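# Coordinate inspection notes
Each chain, written out:
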Amino acid sequence: MTSAATCSVLCGIPHKTDSATGEHGDLLDIIRERTGITRFLDLLAEARAHLGRPQPVLPDANSPSSRKSPSGTLAAAARLFAVSLPLAGSLAEAYLRTRGITQAVPSSTLRFHPKCWHRDEGQTKPVPRPAMIAAVTDGAGALQGVHRTWLAPDGQDKAAVDTPRRAMGHLLGNAVRIDPADQTLVLGEGIETMLSIREALPSLPVWSALSSSHLGAVLLPAGLQRLYIAIDRDPAGQRAAERLTARASEAGIAVRVLEPRLGDFNDDLRAQGAKALCQHLAEQIDPKDQHRLTI
C-alpha cells in the first residue's frame, strides 16, 4: 500500500481495490482527479471536509493560542468573519483601490480585520497584521470558510511575508460568491481577478474559486444557462477551465472561456482601465448577454 493510501486508512478515508485490475484508489484519488490538488495535506483536508469529519488540531489559529478552537475549523472561520469590520473606509478598501477596483462589494462577502494573526513557516509566534477577509459560502449561502489576504500597514500592497494569502474551512465545491448568480455566471480564480471583471461589467454576477485547484470543483447553481470561465494565462488555469467546462457541458450549460490580454484580468484593468477591459470582454461575451455591457 502506498504511503498516501496508508495515511488514508489511518485517517479514516475510504480506500478500495479493483479486483479486476488490482489498482488501488480512494477518496483522495477522486479529489486529486477532480480538483487538480496535488499537495497531500491539502488533499487530506479536502477529504475530511467532504466526509464531514473534524480537521486535525493545527498550531496556527486566529489567536495567539489555540484555547478556543483549532485553526482551519468552520467555527474559527465563522468567528473571524463575525468580528471583522466593514470594508468601507478600511485598509482593505485602500488595497483594492491600488488594484484599480472601485465598485462597492457587499459586506456579506468582503470585510476587514485590523489584527488578523499570521504566521509563516518556521515562525514560533503569530504576528497580528491587517487583512482582507472574504466569506466562502455554499449554494445555500451558508458560511463554509474564509479567505485571508494580509496587507501592508499602509494598505498599498499585500503584506511582505512568504504567504500573504491563506484559506480556512471547507473549500471544496464552495466559492466567494461576490454577487448572486442568475442565469449567467462568471467564475474564475482570484478575488482581485473577479472584482476586476466586475469593475468592467458590473451587471454580470461573479464568483471567485480562490485558486485553480478549486476552480474545477465549484458546484454550479441550479438554473444556470451560461457560464463564463475567467482564466489566468498559466497552465494550471487552463487545466482547471477544461475540467469545469466538461462538468458544465454535461449539465447542459453553455460555456465560454474569457481570456485576458496580460497575465490575468487585474493586470488588464490596471494597465488599460475599466473601459478598455469592458471592450475586450465584449468581444468574448455571448450575444444573449450583450445588453448587460456598459461600454
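Our structure's up above, just so we're on the same page.
Conventions used here
- Residues numbered from 1 in each chain as written.
- Predicted model: local features only at pLDDT ≥ 70, side-chain atom pairs only at ≥ 80, totals over all residues.
- Heavy atoms only, no water.
- Helix = DSSP H or I, 4+ residues; strand = E, 2+ residues; numbered from the N terminus.
- Buried < 20%, exposed > 50% of the residue type's maximum accessible area, 1.4 Å probe, protein only.
- Contact = heavy atoms within 4.5 Å.
- Areas by Shrake-Rupley, 256 points an atom, 1.4 Å probe, with all protein chains shown as cover.
- Phe/Tyr/Trp six-rings, centres within 6.5 Å; stacked < 30°, edge-to-face > 60°.
- Lys NZ or Arg CZ within 6 Å of the ring centre and 35° of its normal.
- Axes fitted to C-alpha atoms, helices over the stretch in contact; angles between N-to-C directions.
- Left-handed = near helix turned anticlockwise from the far one by under 90°.
- Nonpolar A, V, L, I, M, F, W, Y, C, P; charged D, E, K, R; others polar.
- Lys, Arg positive; Asp, Glu negative; His and termini not counted.
- Salt bridge = Lys/Arg side-chain N within 4 Å of Asp/Glu carboxyl O.
- Polar contact = N/O pair within 3.5 Å; in protein donor to acceptor, adjacent residues only side chain to side chain.
- Pairing = 2+ DSSP bridges.

### A few points about the overall build of the chain
When helices and strands are tallied, the chain shows 9 helices and 11 strands. Expressed as a percentage of the 295 residues in the chain, the buried residues total 49%. Across the chain, the fraction of contacts at a sequence separation of at least 24, relative to all contacts at a separation of at least 6, is 59%. Within the structure as shown, the chain displays about 13,600 Å² of accessible surface, and the carbon and sulfur contribution to it stands at 54%.

### Topic: the packing of aromatic side chains
How two aromatic rings sit relative to each other is set out by the distance from centre to centre and by the angle between their planes. If you walk through the whole model with that rule in mind, you get 0 aromatic pairs. Across the ring face of Phe81, the terminal group of Arg111 is positioned such that the distance to the ring centre comes to 5.6 Å. One cation-aromatic arrangement involves Arg177 over Trp207; the distance from NZ or CZ to the ring centre is 4.2 Å.

### A look at the packing of helix α6 (residues 191-200) against helix α9 (residues 265-282)
A pair of packed helices is captured by two measures, namely the crossing angle of their axes and the spacing between those axes. One can describe the packing of α6 onto α9 by two numbers: an axis separation of 8 Å at closest approach and a directional angle of 35°. Seen along the crossing, α6 lies across α9 with a hand that is right-handed. When α6 is examined against α9, the residues Glu192, Thr193, Ser196, Ile197, Glu199 and Ala200 are found in contact with a partner set consisting of Phe265, Asn266, Leu269, Ala274, Leu277, Cys278 and Leu281. Class assignment of the residues belonging to the contact of α6 with α9 gives a composition of 8 nonpolar, 3 polar and 2 charged.

### Digging into the side chain of Asp268
Within the element layout of this structure, Asp268 appears in helix α9. Of the side chains bearing the opposite charge, Arg261 lies closest to the buried Asp268, which forms no salt bridge; the N-O distance is 5.4 Å. For Asp268, the side chain forms a polar contact with the main-chain nitrogen of Leu262, separated by 2.8 Å. Setting aside chain neighbours within four positions, we find Asp268 in contact with Pro260, Arg261, Leu262, Gly273, Leu277 and His280.

### What to know about the sheet that holds strand β11 (residues 254-258)
Across the sheet, 5 strands lie side by side as β7-β9-β8-β10-β11; this open sheet has mixed pairing. The sheet terminates laterally at β7 (176-177) and β11, the two strands that pair on one side only. Looking at chain direction, strand β8 (residues 184-188) and strand β10 (residues 226-230) are connected through 5 bridges and run parallel. Bridging from a neighbouring strand, Gly188 pairs with Ala230 of β10.

Coordinates in, geometry out; function isn't part of it.
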